[in-house]
Structures are given as C-alpha cells and as structure tokens.
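Each chain, letter by letter, is given below.
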Amino acid sequence: GDNQWIVTRSKENQLNVVITTADCPYFISTHCIEELESIFDKTEIIEREQALNKLLIDLKEKYEFSISGNHKEVMKNYETQILEHIEKLQDNEEHAQDFVAR
C-alpha cells in the first residue's frame, strides 16, 4: 500500500526520514520527524538510544489513542444512525395506528 514519507535535513546536512503506513495520522508522522531532529541535533550520542526509546513509547501511545478516538467517532456515528432509525420506526408506527383507527 501507500506509505507516508517525511524527509528533512538536519543542521549537519544529515537526512531525517520517517516512513509511516497510509493509515497513520499525519500529526504522528510530523511529531516523529520533529522529535528525531531534536534528538539528533541536541542529544549527546551516549543518550540517544534512551531518547529514541522514549520517543518510540510516546509515538506508540499517541497512535493507540488516535485509533481509539477514531473508533469512538465511528461508534458515535452508528449511534446517531440508530436513533434516526428508531425515530422513523416510531413515526411509521404512529401512521399505522392512525390508519387502523380510521
């Protein structure tokens, strides 16, 4: 499938590349590239592994939250549709009762 590619150039003329799946929210990709730039520009070499592990955990949490948020939105849309169908059924029942009463 299609992937998202984000490429930037650091102060030392080094390329920073982030590749994500097409379904990954863009804000996560952007956050990742910004944090990578910061880690490689500002973090001492001996501390980079720890900083990268922290970033990985942060990105995982953001991704999981975005997925759950998306599911909540889908469920809310289903709930709205169900309520609309219930209203239509109630209207149909009222019309049927009026028809029988005549």
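Everything quoted here is computed from the prediction, not taken from an experiment.

1. Things to note about the pairing of strand β1 (residues 3–9)
In the sheet, β1 pairs with strand β2 (residues 15–21) via 7 bridges, with the strands oriented antiparallel. In the strand pairing of β2, Q4 is matched with T20. With antiparallel pairing between neighbouring strands as the criterion, β1 and β2 make up a hairpin whose turn holds 5 residues, including N13 at a positive phi of roughly 65 degrees.

2. Some remarks on a nonpolar patch on the surface
Judged by side-chain polarity, V74, M75, Y78, I82, L83 and I86 come together as a nonpolar surface patch covering roughly 580 Å² of accessible area. Its location among the elements puts V74 in helix α2 (residues 45–101).

3. Notes on the confidence of the model for the chain
Overall, the prediction assigns the chain a mean pLDDT of 81, with 94% of residues at 70 or greater. Of all the helices and strands in the chain, α2 carries the lowest mean pLDDT, 81, while β2 carries the highest, 85.

4. Concerning a negative patch on the surface
Taken together, the side chains of E84, E87, D91, E93, E94 and D98 define an acidic patch exposed on the protein surface. Relative to the elements of secondary structure, E93 occurs in helix α2. Under the relative-accessibility criterion, E93 is labelled partly exposed at 45%.

5. Observations regarding the side chain of H31
Residue position: H31 is located in helix α1 (residues 26–42). Sequence-distant contacts of H31, defined by excluding residues within four places in its chain, comprise L55, D58, L59 and K62.

6. Looking at α1
An ideal rise of 1.5 Å per residue puts 24 Å on 17 residues; α1 measures up with 24 Å between its terminal C-alpha atoms. When we look at burial in α1, the residues that qualify are I28, S29, H31, C32, I33, L36 and I39.

7. Let's talk about the nonpolar core
With 10 residues, the main nonpolar core is built from I6, V18, C24, I28, C32, I33, L36, I39, L55 and L59. Looking at this core, the elements with two or more residues in it are α1 and α2.

8. Considerations on the environment of N3
Locating N3 in the fold gives a position in strand β1. Through-space distance from the C-alpha of N3 to that of T20 is 5.6 Å; in sequence the pair is 17 residues apart.

9. Thoughts on the side chain of S29
Locating S29 in the fold gives a position in helix α1. A relative accessible area of 0% places S29 in the buried class. Once residues within four sequence positions are removed from consideration, S29 is found in contact with Q4, I6, V18, T20 and C24.

10. Regarding the pattern of salt bridges
Side chains carrying opposite charge are able to pair once their charged atoms draw close together. Inspection of the entire model under this criterion finds 2 salt bridges. The partner of K62 in a salt bridge is D58, and the shortest N-O contact between them spans 3.8 Å. With K62 and D58 both in helix α2, this residue pair falls 4 residues apart, about one helical turn. One salt bridge connects K60 with E64, and the closest N-O pair in it is separated by 3.4 Å. Here the residue K60 and the residue E64 both occupy positions in helix α2, the gap between them amounting to 4 residues, near one helical turn. Judged by relative accessible area, K60 falls into the exposed class, the value being 53%.

Parameters at a glance
- Residues numbered from 1 in each chain as written.
- Predicted model: local features only at pLDDT ≥ 70, side-chain atom pairs only at ≥ 80, totals over all residues.
- Heavy atoms only, no water.
- Pairing = 2+ DSSP bridges.
- Helix = DSSP H or I, 4+ residues; strand = E, 2+ residues; numbered from the N terminus.
- Patch = residues over 30% accessible without salt bridge, like charges linked within 9 Å, V, L, I, M, F, W, Y side chains within 5 Å.
- Areas by Shrake-Rupley, 256 points an atom, 1.4 Å probe, with all protein chains shown as cover.
- Salt bridge = Lys/Arg side-chain N within 4 Å of Asp/Glu carboxyl O.
- pLDDT = per-residue confidence, 0-100.
- Lys, Arg positive; Asp, Glu negative; His and termini not counted.
- Charge placed at Lys NZ, Arg CZ, Asp CG, Glu CD.
- Buried < 20%, exposed > 50% of the residue type's maximum accessible area, 1.4 Å probe, protein only.
- Contact = heavy atoms within 4.5 Å.
- Expected span 1.5 Å × (residues − 1).
- Core = buried A, V, L, I, M, F, W, Y, C linked by side-chain atoms within 4.5 Å.

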